[in-house]
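# Structure assessment
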Amino acid sequence: MQEVNPELVKYATLTIPGHDPIQLPVLKGTMGPEVIDIRALGKQGYFTYDPGFVSTAACSSRITFIDGPKGVLLYRGYPIDQLANKANYLQTCYLLLKGDLPTKEQYEHFEYEVKHHTLIHEQITSLFKAFRRDSHPMAIMCGIAGALSAFYHDNLDIYDPEHREKTAIRLIAKMPTLAAMAYKYSIGHPFVYPKNDLSYAGNFLHMMFATPCEDYKVNPVIERAMDKIFILHADHEQNASTSSVRLAGSSGANPYACIAAGIASLWGPAHGGANEACLRMLEQIGSIDRIPEFIARAKDKNDPFRLSGFGHRVYKAYDPRAVVMRETCHEVLNELHIKDHPILDVATELEKIALSDEYFIERNLYPNVDFYSGIILNAIGIPTSMFTVIFALARTVGWIAHWTEMQEMPESRIGRPRQIYVGKTLRQVKAMQRRKK
Ligand code: CMC
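The structure reproduced in this document is the subject of the present report. Being a predicted model, the structure only gives us computed values, none of them experimental. (Residues numbered from 1 in each chain as written. Predicted model: local features only at pLDDT ≥ 70, side-chain atom pairs only at ≥ 80, totals over all residues. Heavy atoms only, no water.)

## Brief notes about the overall build of the chain
The helix and strand tally for the chain stands at 17 helices and six strands. At 24 Å, the chain has a C-alpha radius of gyration in line with the 22 Å of a compact globule built from 437 residues. Its C-alpha atoms give the chain principal-axis dimensions of roughly 75 × 65 × 60 Å. Per-residue burial for the chain yields a buried fraction of 47% across its 437 residues. Across the chain, contacts joining residues at least 24 apart in sequence account for 71% of those joining residues at least 6 apart. Put simply, the chain shows about 22,600 Å² of open surface, and 53% of that area lies on carbon and sulfur atoms. Across the chain, 48 positive and 48 negative side-chain charges occur, with their mean positions spaced 10 Å apart. (Helix = DSSP H or I, 4+ residues; strand = E, 2+ residues; numbered from the N terminus. Rg over C-alpha atoms; globule rule 2.2 N^0.38 Å. Buried < 20%, exposed > 50% of the residue type's maximum accessible area, 1.4 Å probe, protein only. Contact = heavy atoms within 4.5 Å. Areas by Shrake-Rupley, 256 points an atom, 1.4 Å probe, with all protein chains shown as cover. Lys, Arg positive; Asp, Glu negative; His and termini not counted. Charge placed at Lys NZ, Arg CZ, Asp CG, Glu CD.)

## Digging into the sheet that holds strand 1 (residues 7-14)
Read across the open sheet, the three strands follow the order 1-2-3; overall the sheet is antiparallel. The outermost strands of the open sheet, each flanked by one partner alone, are strand 1 and strand 3 (35-36). The pairing of strand 1 with strand 2 (residues 22-28) spans seven bridges and is antiparallel. Along strand 2, the bridge assignment pairs Leu-14 with Ile-22. (Pairing = 2+ DSSP bridges.)

## Some words on unusual backbone geometry
For Phe-53, which is not glycine, the phi torsion reads 50 degrees and is therefore positive. Within the secondary structure layout, Phe-53 lies in the loop between strand 3 and strand 4 (64-67). With relative accessibility at 53%, the residue Phe-53 sits in the exposed group. Of note in this structure, Asn-364 is not a glycine but carries a positive phi near 50 degrees. Checked against the element boundaries, Asn-364 lands in the loop between helix 15 (358-362) and helix 16 (370-380).

## Quick word on the pattern of salt bridges
Counting across every chain of the model gives 17 salt bridges. Taking the shortest distance from any N to any O, the salt bridge between Glu-405 and Arg-246 comes out at 2.7 Å. In this pair, Glu-405 is assigned in helix 17 (residues 387-408) and Arg-246 in helix 9 (residues 240-249), connecting sequence segments 159 residues apart. Both residues of the pair, Glu-405 and Arg-246, count as buried. (Salt bridge = Lys/Arg side-chain N within 4 Å of Asp/Glu carboxyl O.)

## What about the site of the ligand?
Near the ligand there are 21 residues, and of these His-271, Arg-306, Leu-307, Gly-309 and Arg-313 occur at the shortest range. Note that an oxygen atom of the ligand is positioned 2.8 Å from one of the side-chain N or O atoms of Arg-306. Phe-310 has a polar backbone atom sitting 2.9 Å from a nitrogen atom of the ligand. For the ligand, whose free accessible area comes to 930 Å², the fraction covered by protein is 76%. Looking at the shell around the ligand, its residues break down into nine nonpolar, seven polar and five charged. (Near = heavy atom within 4 Å. Polar contact = N/O pair within 3.5 Å; in protein donor to acceptor, adjacent residues only side chain to side chain. Nonpolar A, V, L, I, M, F, W, Y, C, P; charged D, E, K, R; others polar.)

## Section: the sheet that holds strand 5 (residues 72-75)
The three strands are arranged 4-5-6 in an open sheet whose pairing can be described as antiparallel. A strand with exactly one partner marks an edge of an open sheet, and here the two such strands are strand 4 and strand 6 (78-79). Relative to strand 5, strand 4 is paired through four bridges, and the arrangement is antiparallel. When the sheet's bridge partners are listed, Asp-67 is paired in strand 5 with Val-72.

## Quick notes on the pairing of strand 5
Remark: four residues form the turn of the hairpin made by strand 4 and strand 5, two consecutive strands paired antiparallel; Gly-71 in that turn has positive phi of roughly 70 degrees. Pairing of strand 5 with strand 6 involves two bridges; the strand directions are antiparallel. The residue of strand 6 that forms the bridge with Tyr-75 is Tyr-78. The antiparallel hairpin formed by strand 5 and strand 6 contains two residues in its connecting segment, where Arg-76 sits at a positive phi of about 50 degrees.

## As for helix 13 (residues 320-335)
In this model, helix 13 (16 residues) spans 23 Å end to end at C-alpha, consistent with the 22 Å of a helix rising 1.5 Å per residue. On the buried face of helix 13, the contacting elements are strand 5, helix 1 (80-86), helix 8 (220-232), helix 14 (342-355), helix 16 and helix 17. Just downstream of helix 13 lies His-337, where phi reads positive at about 55 degrees. (Expected span 1.5 Å × (residues − 1).)

## Notes on the packing of helix 5 (residues 137-151) against helix 17
Two quantities define a packed helix pair, namely the angle between the axes and the distance from one axis to the other. In the contact formed by helix 5 and helix 17, the axes pass within 8 Å of each other and the chain directions differ by 30 degrees. Classified by the angle their axes make, helix 5 and helix 17 are roughly parallel. Of the residues in helix 17, those in contact with Pro-137, Met-138 and Met-141 of helix 5 are Thr-388, Val-389 and Ala-392. Looking at the contact of helix 5 with helix 17, its residues break down into five nonpolar, one polar and no charged. (Axes fitted to C-alpha atoms, helices over the stretch in contact; angles between N-to-C directions. Parallel < 35°, antiparallel > 145°, perpendicular 65-115°, else oblique.)

## Examining the nonpolar core
One broad rule of soluble globular proteins: the nonpolar side chains tend to lie buried together. If you look at the biggest cluster of nonpolar residues, it comprises 119 residues, and the most contacted ones within it are Phe-128, Met-226, Phe-230, Ile-263 and Leu-307. Ignoring anything within four residues of it in the chain, the contact list for Leu-307 reads Met-281, Phe-294, Ile-295, Ala-298, Leu-350, Ala-354 and Phe-360. (Core = buried A, V, L, I, M, F, W, Y, C linked by side-chain atoms within 4.5 Å.)

## Focus on the environment of His-402
Mapped onto the elements, His-402 comes out in helix 17. Exposure remark for His-402: the relative accessible area of 0% places this residue in the buried category. It is 8.2 Å that separates the C-alpha atoms of His-402 and Glu-237, two residues lying 165 residues apart in sequence. For His-402, the residues in contact, after removing those within four places along its chain, are Ser-61, Ile-63, Asp-235, Glu-237, Gln-238, Thr-242 and Arg-246.

## Section: the packing of aromatic side chains
Each aromatic ring pair is characterised by the separation of its centres together with the angle its planes make. Counted according to the given criterion, the structure contains 14 aromatic pairs. Their ring planes at 35 degrees and their centres at 5.1 Å tell us that Tyr-89 and Tyr-200 sit as a pair that is tilted. Taken together, the residues span a long stretch of sequence, with Tyr-89 in helix 2 (residues 89-98) and Tyr-200 in helix 7 (residues 200-209) at a distance of 111 residues. For Tyr-89, a relative accessible area of 0% corresponds to the buried category. A centroid spacing of 5.4 Å and a plane angle of 40 degrees characterise the contact between Phe-209 and Tyr-216, whose relative ring orientation is tilted. The exposure class of Phe-209 is partly exposed, given its relative accessible area of 21%. Given the relative accessible area of 23%, Tyr-216 is considered partly exposed. The cationic tip of Arg-133 hangs over the ring face of Tyr-185; the distance from NZ or CZ to the ring centre is 4.2 Å. When the ring centre of Tyr-359 is taken as origin, the NZ or CZ atom of Arg-363, which lies over that ring, is 3.8 Å away. (Phe/Tyr/Trp six-rings, centres within 6.5 Å; stacked < 30°, edge-to-face > 60°. Lys NZ or Arg CZ within 6 Å of the ring centre and 35° of its normal.)

Honestly, it's all geometry; don't read function into it.
Listed below in structure tokens is the structure:
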């Protein structure tokens, strides 16, 4: 793959009293702000301190670009709304993995490959049975994705591009099967096998909702909405879960185990778990008259409560994914003839009130992708505990695209953040009878 290096545009001078000025290269990528290259600082005896990596780029990447202040999201240069409206999820997967949208022939080949890897090893079905019936499906997904590494390890050479591609195909193909199995297991239904004559999204719906006694007829509006949800969640550059996959992968670990690390990171309510948390919050609010109470709680520094589905580390404008999600939400509710939807009413009003509130305006807190996705999934009949699983299913392509990119880049090294040590200074171990509380 062709290397695109950031351009050196100037030098910044760092002045530290008692030390000669340090020249630091200032780099510019193809888009985005200038970046100070601090790699030389360690050799000078200094580290930088940046909890949460708010000001730190840990890698260069060609996959996804976000302009937070403007609310722009591009996959390989293409705006997210165009992809959502003019492409489908498998085309988007191809784009993220290979850098360009597929031609018809390329697409047919890719789709064939994905569809012919949807089955999982039959032995994996017994792994599900080891989980408690009431396990959260994200717990199951962490375990099962990690377990895939046991099925694909000895013959997997992560330095071989063909093996990496096969891994990506396998993951994209098998995640819907595993996700649907996690759901079926939780409700005590038999697993439903994939059907290769259906689309990617249609097949997922089929595996979720068909039973051995009854077929599931895929509604094209719901199928398209599901596919859009997959597209909108497919990648988001160096978020916590993708960074977890990269960090795990930087040591040369098995890629399936790295994906398990991504799933674990995604689960938290500050990240992918926000879609579940958001719907639960909207249900808890329940009616429009209770919104002021929850807004007040969100603003109260002594209350850990936050408005789920609001705010973003990078976006300081309306999340472009939320725009598409809101439109899709209305399409789905119309299709299902859902006229009175109390949760949607609460969401619409909450958005209106929050967007005109000084606290939210000052902090640039806008609805994010998770604000409307839960309402759509809920209307389709997907249980709340499965929302983050669907995010994980869709984000798998982003994770594996970043993992692949990292393996290909000569600059990649094992990830190893530094720290400021604030613990005890050197002291001596005393015999137990001489230790005091
Ligand atoms: N409700 C109330 N206040 C908020 C919220 C919120 N949802 N989000 C941020 N703030 C406040 C925060 O208290 C802080 O106020 P102050 O400056 O007075 O201390 C200020 O806004 C900046 O917040 P922050 O915590 O420094 O921002 P962050 O970049 O560390 O956190 C976030 C980003 C997404 C974790 C956070 O906005 C949040 O917890 N949102 C709710 C959870 C959520 O919806 N997450 C999904 C993100 S999009 C999907 C994904 O990519 O995973």
